[in-house]
Amino acid sequence: MKITVAKTAGFCMGVRRAVDMVLDASNLAGEPIFTYGPLIHNPQVLEMLENKNISRIETIPERGEGIVLIRAHGVPPEDETALKEAGFTVLNATCPRVVRVQEIINRYAKKGYATIIIGDKKHPEVVGLLGYARGNGYTATSMEQLAALPAFENAVVVAQTTQNTVFYEKIKAWFSQNAPHYKVFDTICGSTEKRQSEVRQLALENDAVIVVGGKASGNTRRLAQVAMETGTLATHIEDASEIDYKSLGSAKRIAITAGASTPNWIIKETCERVAANVQKQRSFIRHMVGFRDFLLKTNLLLALGAAGLTYACASIQGFSQVIVHSAIAMLYVLSMQILNNIITIKSDTYNHPQRAVFYKKYQTILKIAALGSGVAGLYLAYTTGLVSFFIMLVMSLLGLFYNLNIPFVFGNKKITRIKDVPGSKTILIAIAWGIVTSLLPAIVNSGRFLPTLVTFAFSTGLVFARTAFFDVLAIQGDRITGKETLPILLGAQKSYRLIQYVLTFEIFIVLLAHGLELFGKNAFWLALVPLFMLLLIRLYKKDSLLSGRQYEVLIESSFLFAGLVAAFI
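Small disclaimer: the values here were computed from a predicted structure and weren't measured.

Peer 1: I tried to follow the overall build of the chain on my own but got confused; where do I start?
Peer 2: A tally of helices and strands in the chain yields 24 helices and 14 strands. By principal-axis analysis of the C-alpha atoms, the chain measures approximately 90 × 55 × 50 Å. Out of the 569 residues in the chain, the part that is buried amounts to 53%. Excluding contacts between residues fewer than 6 apart, the proportion of contacts in the chain whose partners are at least 24 apart in sequence is 72%. Per element, the accessible surface of the chain, about 26,000 Å² overall, is 59% carbon and sulfur.

What follows is the structure, encoded as structure tokens:
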């Protein structure tokens, strides 16, 4: 069975903006936070907001205090005015695409035009749009309702931004014949058009389509409707527990898409559940995927990658004790990563649901494994000399202090832990890896300054790119839990550009070191490692068909690849 995930599945720009606004307000503000009505139409997101003490008000009180966010669908202008007059600080999270429709209606309503909205008059977006029509607004959801409307001297026609694109084309054709003097605007969101076009194509190419999203979400319901219109088996679910595998039994190709208000963690969980059901039918695949997931969850693959990267940095400089330094790096990274995953279970609930379940279930065993690998790493460092031992001891203590409550002031902000310093995670992890994989072997073996500097830059750059990339993938869950990672500070697109610049620089310094003859004559082959990572990340940005889990395996394996390259040059 083949599983395909739609490229357009998940949060659209407007929903992402609204969720980011309310989460940023929650993480930074010290006053009560509310949303006026449901922020978006997704039960899991609304539950998450309630867990963060973000309440919802359905009616406007006479007096109020705190921050109120206007939902992504927008509200009538009089409601926004009333919220401000009640004493609330109002943050308008209306989708910019909806704001454009509001402006069109408002502009022509001032001139006396009637407004015809092609959409459900009870839908929150349409309710908000009608508020701009100055009492002269009408709605229609079928050709019959449209034909029943009175004739107007002048009218403006708009569509609910999540309307069915095929249906709206019929509407425009009808007006062209029956009321050509009306001003008809294309107001369906571009994201909606892409989603509907993609799900239509996926339905034609697959045996079944699973549409994930809130049952109250208009755009999600329309995705399911578009898929069903093709005659392909299509089902609309809110979460993976609703999947009827019996109905999918004969399907050899399944497509999964999601509405614009469906969060990443629900899409991930659905994909994993469907994949797990497929694996039950194939013993060999089940065991292989289980082994892969075990290596990822336990961080064993990453730890082996640390060993490979250390081997590469040490061997190209001709150091002795290469194997022992590789083992030290492996044990250190394994210890620190396990501890970090135990501490970040809350954000993993959204970023890596399966890993969060795994760490909750085996927390005691994993703590013992982290302690054991940390002690073993210190012992191996001791066997190479006291300097190595003390460096590793300090590194281990700093790793522990990173998550401990140690109040201090950073700029104008009071910080309780080092990890709360904005953007610190990505940078500090890269530096820690650089010290363990390149500086430590160089200090013990009295390495030369310039080759050591190059290997340090090579190691930290690769790790920075890897960590920043995964931080971009985890941006939604990190924002929910209040983390201020580098991608949250810079934004996803700027982070992608920075990662690509770093990897390009990595290729350059390897080739420069080769030109300066700092290492062996074949060391230039190590440029393949950042090149490989760069290609993977560019593929991901272009929505390659590989799954997120496959990218994770390939990125983590790139460090092992560095060790293999060094072993053969």
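Peer 1: I keep staring at the sheet that holds strand 12 (residues 253–258) and nothing clicks. Help me out?
Peer 2: Backbone hydrogen bonds hold the strands of a sheet together, and the pairing may be parallel or antiparallel. If you trace the four strands from one edge of the open sheet to the other, you get 1-12-10-11, paired in parallel fashion. Both outer strands of the open sheet, strand 1 (2–5) and strand 11 (233–237), are each paired with one neighbouring strand and no more. Averaged over all pairs of adjacent strands, the angle between strand axes in this sheet comes to 20°, irrespective of strand direction. Two elements, strand 10 (residues 208–212) and strand 12, share five bridges in a ladder whose sense is parallel. The residue of strand 12 that forms the bridge with isoleucine 210 is isoleucine 256. Running over the sheet, helix 8 (residues 190–205) touches strand 1, strand 10 and strand 12 and is turned about 165° from strand 12. Across the sheet, helix 9 (residues 218–229) touches strand 10, strand 11 and strand 12, and the angle it forms with strand 11 is around 170°.

Peer 1: When you look at the pairing of strand 8 (residues 155–159) in this model, what are you seeing that I'm missing?
Peer 2: For a regular strand, the rule is simple: side chains alternate between the two faces of the sheet. In terms of burial, strand 8 is a largely internal element, five of the five residues being buried. The side-chain alternation of strand 8 yields two buried faces, one formed by Ala155, Val157 and Ala159 and the other by Val156 and Val158. Sheet topology note: the strand 6 (residues 114–118)/strand 8 ladder contains five bridges and is parallel. Looking at strand 8, one finds that isoleucine 118 is bridged to alanine 159. In this structure, strand 8 lies alongside strand 9 (residues 183–184), joined through two bridges in parallel fashion. Within strand 9, the residue paired with valine 156 across the bridge is lysine 183.

Peer 1: Sorry if this is basic, but what is going on with the environment of threonine 232 here?
Peer 2: Along the chain, the position of threonine 232 falls in the loop between helix 9 and strand 11. A residue is classified by how much of its surface remains accessible, and threonine 232, at 14% relative accessible area, is buried. On a C-alpha basis, the gap between threonine 232 and glutamate 205 in space is 9.3 Å, while along the polypeptide they are 27 residues apart. With residues up to four places along the chain from it excluded, the contact list for threonine 232 reads Ala203, Leu204, Asn206, Asp207, Ala208, Val209 and Ala227. In this structure the side chain of threonine 232 is engaged in a polar contact, spanning 2.6 Å, whose partner is the backbone oxygen of alanine 203.

Peer 1: Please explain the pattern of salt bridges as it appears in this structure.
Peer 2: Opposite charge on two side chains permits pairing when their charged atoms draw close. As enumerated under the stated definition, the model contains ten salt bridges in all. In this structure, arginine 292 engages aspartate 293 in a salt bridge whose closest nitrogen and oxygen atoms are separated by 3.0 Å. The partly exposed category is assigned to arginine 292, whose relative accessible area is 26%. Among the residues examined, aspartate 293 registers a relative accessible area of 10% and is labelled buried. Through salt bridges that share partners, Glu169, Lys172 and Asp186 make up one connected network.

Peer 1: Could you clarify how one ought to interpret the sheet that holds strand 2 (residues 33–36) in this entry?
Peer 2: One open sheet accounts for four strands, arranged 3-2-4-5; its pairing is parallel. Two strands lie at the open edges of the sheet, namely strand 3 (54–57) and strand 5 (89–92), each paired on one side alone. Taken pair by pair, the neighbouring strands of this sheet meet at an average axis angle of 30°, ignoring direction. Relative to strand 5, strand 4 (residues 67–70) runs parallel, the two sharing four bridges. What sits directly across from valine 68, in strand 5, is valine 90.

Peer 1: Explain a nonpolar patch on the surface here, please?
Peer 2: On the surface, Phe449, Leu450, Leu453, Phe505, Phe508, Leu512 and Leu516 cluster together into a nonpolar patch covering about 730 Å² of accessible area. Listing elements by their share of the nonpolar patch, those giving two or more residues are helix 19 (449–473) and helix 22 (492–515).

Peer 1: Looking at this structure, how should I read helix 2 (residues 43–51)?
Peer 2: Quick reminder: α-helices carry 3.6 residues per turn. Residues three or four places apart thus point the same way. For helix 2, every residue scored as buried is listed here: Gln44, Val45, Leu46, Met48 and Leu49. One side-chain oxygen at the N-terminal end of helix 2 lies 3.1 Å from the backbone nitrogen of glutamine 44; it belongs to asparagine 42. Directly beyond the C-terminal end of helix 2, a positive phi value near 60° is found at asparagine 53.

Peer 1: Mind showing me how you'd approach a positive patch on the surface here?
Peer 2: Side chains of Lys494, Arg497, Arg538, Lys541 and Lys542 sit close together on the surface and give a patch of like positive charge. In this structure, lysine 541 sits in helix 23 (residues 528–541).

Peer 1: I'm lost on the packing of aromatic side chains in this one. Help?
Peer 2: What characterises a pair of aromatic rings is the spacing of the ring centres plus the angle enclosed by the ring planes. Enumeration over the complete set of coordinates arrives at 18 aromatic pairs. Here the aromatic rings of tyrosine 108 and phenylalanine 185 are separated by 5.7 Å at their centres, their planes lie at 55°, and the arrangement is tilted. Of the two residues, tyrosine 108 sits in helix 4 (residues 96–109) while phenylalanine 185 sits in the loop between strand 9 and helix 8, which places them 77 residues apart along the sequence. One exposure class covers both tyrosine 108 and phenylalanine 185, and it is buried.

Peer 1: Please clarify how the packing of helix 16 (residues 363–383) against helix 17 (residues 386–401) should be interpreted in this entry.
Peer 2: Angle between the axes and distance between the axes: these two values describe a pair of packed helices. Remark: helix 16 packs on helix 17, axes separated minimally by 6 Å, with the N-to-C direction vectors making an angle of 155°. In this view, helix 16 runs roughly antiparallel relative to helix 17, as classed from their interaxial angle. Where helix 16 crosses over helix 17, the handedness of that crossing is right-handed. Each of Leu378, Ala381 and Tyr382 in helix 16 lies in contact with helix 17, whose residues at this interface are Leu386, Ser388, Phe389, Met392, Leu393 and Ser396. Partitioning the contact of helix 16 with helix 17 into residue classes produces seven nonpolar, two polar and no charged.

Peer 1: What am I meant to see in the side chain of threonine 257 here?
Peer 2: Mapped onto the secondary structure, threonine 257 falls in strand 12. Look at threonine 257 and you get buried, because its relative accessible area is 2%. When neighbours within four sequence positions are excluded, threonine 257 is seen to be in contact with Ala6, Ala9, Val199, Val209, Ile210, Val211, Val212 and Leu223.

Peer 1: Can you walk me through the side chain of glutamine 337 in this structure?
Peer 2: Tracing the chain through its elements places glutamine 337 in helix 13 (residues 322–343). Owing to a relative accessible area of 12%, glutamine 337 belongs among the buried residues under this scheme.

Peer 1: I'm lost on the packing of helix 13 against helix 18 (residues 424–444) in this one. Help?
Peer 2: Between helix 13 and helix 18, the least distance of the axes is 10 Å, while the angle of their chain directions is 155°. Classified by the angle between their axes, helix 13 and helix 18 sit roughly antiparallel to one another. Where helix 13 crosses over helix 18, the two elements pack in a sense that is right-handed. Together, His325, Ile328, Ala329, Tyr332 and Val333 of helix 13 and Ala432, Trp433, Val436, Thr437, Leu440, Pro441 and Val444 of helix 18 make up the contact between the two elements. For the contact of helix 13 with helix 18, the class distribution of residues is ten nonpolar, two polar and no charged.

Definitions and cut-offs
- Residues numbered from 1 in each chain as written.
- Predicted model: local features only at pLDDT ≥ 70, side-chain atom pairs only at ≥ 80, totals over all residues.
- Heavy atoms only, no water.
- Helix = DSSP H or I, 4+ residues; strand = E, 2+ residues; numbered from the N terminus.
- Buried < 20%, exposed > 50% of the residue type's maximum accessible area, 1.4 Å probe, protein only.
- Contact = heavy atoms within 4.5 Å.
- Areas by Shrake-Rupley, 256 points an atom, 1.4 Å probe, with all protein chains shown as cover.
- Pairing = 2+ DSSP bridges.
- Axes fitted to C-alpha atoms, helices over the stretch in contact; angles between N-to-C directions.
- Polar contact = N/O pair within 3.5 Å; in protein donor to acceptor, adjacent residues only side chain to side chain.
- Salt bridge = Lys/Arg side-chain N within 4 Å of Asp/Glu carboxyl O.
- Patch = residues over 30% accessible without salt bridge, like charges linked within 9 Å, V, L, I, M, F, W, Y side chains within 5 Å.
- Lys, Arg positive; Asp, Glu negative; His and termini not counted.
- Charge placed at Lys NZ, Arg CZ, Asp CG, Glu CD.
- Phe/Tyr/Trp six-rings, centres within 6.5 Å; stacked < 30°, edge-to-face > 60°.
- Parallel < 35°, antiparallel > 145°, perpendicular 65-115°, else oblique.
- Left-handed = near helix turned anticlockwise from the far one by under 90°.
- Nonpolar A, V, L, I, M, F, W, Y, C, P; charged D, E, K, R; others polar.

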